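Survey of secondary and tertiary structure
Listed below are the residues making up each chain.
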Amino acid sequence: QAQLVESGGGLVQAGGSLRLSCAVSGRTFNRYIMAWFRQAPGKEREFLAAIMWIGSMTYYADSVKGRFTISRDNAKNTLYLQMNSLKSEDTAVYYCAAKGYSGTYYDTSAYDIWGQGTQVTVSS
């Protein structure tokens, strides 16, 4: 059974950095797109970034382009999200997710495997 487990969240001051990790297990993700989303209180889940498990293509939301970097380590079966220049509006629960190649990469409903989420709080 496919499983995604996020870690690395916490409390950070504005302007600081965090790196989130997502450990993947339970199946082969060679034909999957992996992504990071976030959800702030009272708001819809928001796409942040996506990467193909095999290949070099990456995709970013405009709100995080230039500040966040998605990457993966296939040997460690781990997905990462490096977050720099954090702002108070980045406070949210962050989720990793996976989907096959069908559907658009930024569409929340296209992802069928989700982690439990990790809280990121940015203090101003």
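Report on the accompanying structure.

About the criteria used
- Residues numbered from 1 in each chain as written.
- Predicted model: local features only at pLDDT ≥ 70, side-chain atom pairs only at ≥ 80, totals over all residues.
- Heavy atoms only, no water.
- Disulfide = S-S within 2.5 Å.
- Helix = DSSP H or I, 4+ residues; strand = E, 2+ residues; numbered from the N terminus.

This next bit is on the state of the cysteines. Scanning the entire structure with this criterion turns up one disulfide. Through a disulfide, Cys22 is tied to Cys96; the S-S separation comes to 2.0 Å. Disulfide Cys22 to Cys96: torsion about the S-S bond roughly 60 degrees, handedness right-handed. With Cys22 in strand 3 (residues 18–25) and Cys96 in strand 9 (residues 92–99), the pair connects residues that are 74 residues apart, well separated along the chain.

You can see Lys65 is positioned in the loop between strand 6 (58–60) and strand 7 (68–73). Taking the C-alpha atoms as reference, Lys65 lies 18 Å from Thr108; in sequence the two are 43 residues apart.

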